[in-house]
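# Observations on chain architecture
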Amino acid sequence: MNIALSILIIVAYPQTTRSFASEGLSTRRKRLRIKMSSWNDTWSDILNGGPKRWKVDDVEAKQKALTHITDAISSSDNTPLRILCPLAGDDPFVHYAWSQGHDVTAIDLVPAALKGMRLQFGENSDEDWSSTSRTSGTVWKHKSGRATLYQGDMLMRRPELQSSFDVIYDKDSFGALNRDMRRAYCQRLSEFIKGDGVVYVEVKNKESGREFGPPYHVEKDDLMEETSFGCAFDYVKGLGEVYPLNMGGVRQMGHILRRGLRK
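Structure report, in brief. (Residues numbered from 1 in each chain as written. Predicted model: local features only at pLDDT ≥ 70, side-chain atom pairs only at ≥ 80, totals over all residues. Heavy atoms only, no water.)

## Looking at helix H3 (residues 59-72)
Here H3 contains 14 residues, and its C-alpha end-to-end distance of 20 Å stays within 8% of the 20 Å for a straight helix at 1.5 Å per residue. All of the buried residues along H3 are Ala 61, Lys 62, Ala 65, Leu 66, Ile 69 and Ala 72. Down the axis, H3 shows its buried residues gathered within 135° of arc, on one side only. Looking at the buried side of H3, the elements it contacts are strand E1 (82-86), helix H4 (93-99), strand E6 (165-171), strand E7 (193-206), strand E8 (233-243) and strand E9 (250-259). Regarding H3, its N-cap is Asp 58, as a side-chain oxygen of that residue lies 3.1 Å from the backbone nitrogen of Glu 60 further along. (Helix = DSSP H or I, 4+ residues; strand = E, 2+ residues; numbered from the N terminus. Expected span 1.5 Å × (residues − 1). Buried < 20%, exposed > 50% of the residue type's maximum accessible area, 1.4 Å probe, protein only. Arc of directions from axis to C-beta. Contact = heavy atoms within 4.5 Å. Polar contact = N/O pair within 3.5 Å; in protein donor to acceptor, adjacent residues only side chain to side chain.)

Structural data, given as structure tokens:
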């Protein structure tokens, strides 16, 4: 793996030694400010022409992801799906899924990333989007009524999203989190998804440096640990390599999970 890439992603995801979900409120807010600063610096560099790091903007890759998702949904009709994209950055998948008629919700910590996402919907972002401030952050809503962007902490409780989504699209989010944050992350997703909802997750498979991250080397067993998705999800199938990366010794792998019985 490119060493510079590893260093830059580590800057974006600072190492932690305690469970994020178990910290006191003041400590959590302090860590959130530190993470916010790191993310802002990273996105500022990307938007100013720096390396893209983890970003994959190829629309064909997003088309493949949506096809895998629709194939995994048991419904035989063409009912639009409600799709959640956690830690989305400005991933073009959100706009692409919306353009195909689906209802999309994205959550990210960095305002610049979500501003970039809003611009994908058209140049009149000030006219096409409205925003409201909540204790959990800023919420942006598109005039179509089918796109919502949350700027704030992914791990915060959001009762309005309880059991709301047919699908969760996770591109590298799980594999970018420090291991002690995975339980809280997967628990929150289990609250947001519907009872039979599907998770499409992309992760990195590394030939070397597997013990280091982020991004971490992730396989089925890592996903399905009881402290990860195994707490509430069933494994459906592996998709193999979903598209090639320009990163030597690293492959982008896909997996399909399904929400299990409520625990």
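## Re helix H5 (residues 111-120)
When H5 is considered as a whole, its buried residues turn out to be Ala 113, Leu 114, Gly 116, Met 117 and Arg 118. Just beyond H5, the residue with positive phi is Gly 122, at close to 135°.

## Comments concerning the pairing of E8
By the bridge criterion, 8 bridges tie E8 to E9 in an arrangement that is antiparallel. Following the sheet pairing, Gly 240 is matched in E9 by Gly 254. Two successive antiparallel strands, E8 and E9, enclose a turn made up of 6 residues, where Gly 249 displays a positive phi of approximately 75°. (Pairing = 2+ DSSP bridges.)

## Quick notes on the pairing of E6
Here is the key point about a regular strand: its side chains alternate between the two faces of the sheet. Burial analysis of E6 places 7 of its 7 residues in the buried class, which makes it a mostly covered element. With 2 bridges joining them, E1 and E6 adopt parallel strand pairing. Pairing of Ile 83 across the sheet is with Val 167, part of E6.

These figures come from the coordinates and say nothing about function on their own.
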